[in-house]
Amino acid sequence: MSTINYESPTERVQTWLDAATLHIRFNNPARHNALSVDMWEAVPALLTLAETDDRVRLVVFSGAGEKSFVSGADISQFEDMRAAREAVTRYEHMAETALMSIYHFSKPTLSCIRGYCIGGGVNVAISCDIRIASTDSVFSIPAARLGLGYRYSAMKNLVDLIGAGAAKDLFFTARKIDAREAQALGLISRVCEPEQLSALLAEYTLAMAVNAPLTIRAAKAITAEILKPSPELDMALCQQLIRGCFDSADYAEGRKAFMEKRKPVFVGK
């Protein structure tokens, strides 16, 4: 039995394990969950623990309260963190490390969005595999109003998700869009009324708890390879992942459960 303890290093990030789902909640409601330095730094450490924890099938990111998922970076720290060149380099490395830890995490990740999802909040969301949102959510990337340079990785994630035209529209104008337009653009997958968001999230957590984790991991890894430039594509890795599924006890269990007309019980081996 695993004894991993998901204790957050900061009170501004809440975390708990609920069955097969690890919840990471940004908890800075006085600033609409704007990401402070300690919040950025908490994410990679928590995901490192979850990577080897067989109990965890899905990681869900959310924001405390009902007004914001994440309203961006905590600009009250900009004068200290981004005023000088060395500070800019440190801040960008810290944010990049957090976002890439989400993007490269081998298990499924989901952003459950309600309220403002702005700037750094969009970056967190698009680093995840799946995004769901309530109809009262608002999305924007206001970098052009702040004079910030955007990292290649963040721009690539956005372009990969919604295409170059839509990405430039949002980025150049810095305009706000609602959840319905965000869904139409492909920025989010599912939209529901605020009172239905918990039920929609439960639909995903249940599915991830019972579906075959090796198959899901393989699909996530192969999708990442597909998005790479062709010279970097690791076809051998893709074939290895597929063989791993077919050679697994879970595949045998899936076939047996199908023949016996029952639900399979997958263990990730």
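Presented here is a report on the structure given in the accompanying data block. This one's a predicted model, so the numbers in the text were calculated from it and none came from an experiment.

### Considering the state of the cysteines
Any covalent bond linking the sulfur atoms of two cysteines counts as a disulfide.
Thought 1: Summed over the entire model, instances satisfying the criterion amount to zero disulfides.
Thought 2: Here Cys 112 stays unpaired: no disulfide links it, and the sulfur of Cys 192, its closest cysteine neighbor, is 7.7 Å away.
Thought 3: Note on Cys 128: no disulfide assigned, nearest cysteine sulfur contributed by Cys 117 at a separation of 9.8 Å.
Thought 4: Residue classification places Cys 128 among the buried residues on the basis of a relative accessible area of 5%.

### Thoughts on the pairing of strand β7 (residues 130-134)
Thought 1: Here β7 lies mainly inside the structure; five of its five residues are buried.
Thought 2: In β7, alternate side chains face the same way, and those of Ile 130, Ile 132 and Ser 134 on one face and Arg 131 and Ala 133 on the other are all buried.
Thought 3: Pairing of strand β5 (residues 109-113) with β7 involves four bridges; the strand directions are parallel. Along β7, the bridge assignment pairs Ser 111 with Arg 131.
Thought 4: Pairing geometry for β7 and strand β10 (residues 190-192), over three bridges, is parallel. Across the sheet, residue Ala 133 finds its bridge partner in β10, namely Val 191.

### Observations concerning the sheet that holds strand β9 (residues 177-178)
Thought 1: Taken in spatial order, the four strands make up an open sheet running β4-β6-β8-β9, and their pairing is mixed. Whereas interior strands pair on both sides, the edge strands pair on one side only; in this sheet they are β4 (68-70) and β9.
Thought 2: Where β4 lies against strand β6 (residues 116-118), two bridges are found, and the strand directions are parallel. Bridge assignment links Val 70 to a residue of β6, and that residue is Cys 117.
Thought 3: Packed onto the sheet, helix α4 (residues 120-127) meets β4, β6 and β8 (138-140) and runs at close to 90 degrees relative to β6.

Calculation rules
Residues numbered from 1 in each chain as written. Predicted model: local features only at pLDDT ≥ 70, side-chain atom pairs only at ≥ 80, totals over all residues. Heavy atoms only, no water. Disulfide = S-S within 2.5 Å. Buried < 20%, exposed > 50% of the residue type's maximum accessible area, 1.4 Å probe, protein only. Helix = DSSP H or I, 4+ residues; strand = E, 2+ residues; numbered from the N terminus. Pairing = 2+ DSSP bridges. Contact = heavy atoms within 4.5 Å. Axes fitted to C-alpha atoms, helices over the stretch in contact; angles between N-to-C directions.

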